[in-house]
Amino acid sequence: RTHGKPKDEKLELLSKTLSYLEIDTWGLDLNAWNIDKLLEKVKWHEKEKALSALIMRTLQLAKYTHTLEWHHWLALKNYSHFTSPIRRYPDLQIHRIIKETIKWDIDKMHYNSILEEIAQNCSLREQRAENIERKINTLCHIKYLEKKIGQHFDWTIMMINERWTQVE
């Protein structure tokens, strides 16, 4: 599971936004290789949560791959994402590969023939699950806020675009 290199337009927009907000980038060149350093720099900033979300949206969506790719979010070349084989099929695949590698009994031709399709399917299914989760969360928020009509709250605007506004 990896995040591809951020697009130059997104990095430029991030740079302009940080500049507009008068957020000092502490001399960092905003590029794909410094995303992790930028996150570390904003860690103790009063607007850290909003800034981290802004930085995160600069990255490409996560996807599963069958080849070794640079993980731009973590700035790592060798990285594998897994949690528990009960939760996700990609986790099960990684556990199998690790187990067979430890035993020196890995069938590389077998994995070379199946992993590309598995990675594509897992990425697609994860994206679908995230979309469904987002819709469910929106419905739950609406249901909760129905009872709060007319009340006033302090909100932080996390993002605004042409279709919606995200507040917390």
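Small disclaimer: the values here were computed from a predicted structure and weren't measured. (Residues numbered from 1 in each chain as written. Predicted model: local features only at pLDDT ≥ 70, side-chain atom pairs only at ≥ 80, totals over all residues. Heavy atoms only, no water.)

## Description of the overall build of the protein chain
- Helices and strands together make up the secondary structure of the protein chain, namely five helices and four strands.
- Listing the helices and strands of the protein chain from first to last along the sequence gives β-α-α-α-β-α-α-β-β.
- A globule of 168 residues ought to have a C-alpha radius of gyration of about 15 Å, yet the protein chain, at 20 Å, is considerably larger.
- Reported as C-alpha extents along the three principal axes, the dimensions of the protein chain are approximately 60 × 45 × 25 Å.
- Across the 168 residues in the protein chain, those meeting the buried criterion constitute 25%.
- In the structure as shown, the protein chain presents an accessible area of about 13000 Å², 55% of it carried by carbon and sulfur atoms.
- Each charge class in the protein chain was averaged separately, 27 positive and 24 negative side chains, and the resulting centres sit 5 Å apart. (Helix = DSSP H or I, 4+ residues; strand = E, 2+ residues; numbered from the N terminus. Rg over C-alpha atoms; globule rule 2.2 N^0.38 Å. Buried < 20%, exposed > 50% of the residue type's maximum accessible area, 1.4 Å probe, protein only. Areas by Shrake-Rupley, 256 points an atom, 1.4 Å probe, with all protein chains shown as cover. Lys, Arg positive; Asp, Glu negative; His and termini not counted. Charge placed at Lys NZ, Arg CZ, Asp CG, Glu CD.)

## Notes on the pairing of strand β3 (residues 157-160)
- Pairing analysis gives three bridges linking β3 to strand β4 (residues 165-167), with the strands arranged antiparallel. Each bridged residue has a counterpart across the sheet, and for I157 the counterpart in β4 is V167. (Pairing = 2+ DSSP bridges.)

## A look at the layout of surface pockets
- Taken as a whole, the largest pocket holds about 1600 Å³ of empty space.
- If you list the elements that add at least two residues to the lining of the largest pocket, you get α3 (48-56), β2 (62-63), α5 (108-146) and β4.
- Top contributing element to the lining of the largest pocket by residue count: α5, with 14 residues.
- Looking at side-chain class alone, the lining of the largest pocket contains 15 nonpolar, 11 polar and 11 charged residues. (1 Å grid on protein atoms, 1.4 Å probe; cavity = no way out; pocket = protein on both sides within 12 Å on 5 of 7 lines; lining within 4 Å. Points joined across faces, edges and corners; volume = space filled by probe spheres on them. Nonpolar A, V, L, I, M, F, W, Y, C, P; charged D, E, K, R; others polar.)

## Things to note about the side chain of S123
- Tracing the chain through its elements places S123 in helix α5.
- For S123, the side chain forms a polar contact with the main-chain nitrogen of Y64, separated by 2.6 Å.
- Sequence-distant contacts of S123, that is, excluding residues within four places in its chain, are made with K63 and Y64. (Polar contact = N/O pair within 3.5 Å; in protein donor to acceptor, adjacent residues only side chain to side chain. Contact = heavy atoms within 4.5 Å.)

## A few points about helix α2 (residues 35-42)
- Those residues of α2 that fall on the buried side of the exposure criterion are I35, L38, L39 and V42. For α2, the buried positions fall inside an angular range of 100° around the axis, keeping them on one side.
- The secondary structure elements touched by the buried residues of α2 are α1 (8-20) and α3. (Arc of directions from axis to C-beta.)

## Quick notes on the confidence of the model for the protein chain
- With 92% of its residues at a pLDDT of 70 or more, the protein chain has an overall mean of 82.
- Here strand β1 (residues 2-3) stands out as the least confident element of the protein chain, with mean pLDDT 77; α5 is the most confident, with 90. (pLDDT = per-residue confidence, 0-100.)

## Observations concerning the pattern of salt bridges
- By the definition in use, this model includes four salt bridges.
- The partner of E146 in a salt bridge is K143, with the nearest N and O atoms 3.8 Å apart. Within this pair, E146 and its partner K143 are both found in helix α5, separated by three residues, close to a single helical turn. (Salt bridge = Lys/Arg side-chain N within 4 Å of Asp/Glu carboxyl O.)

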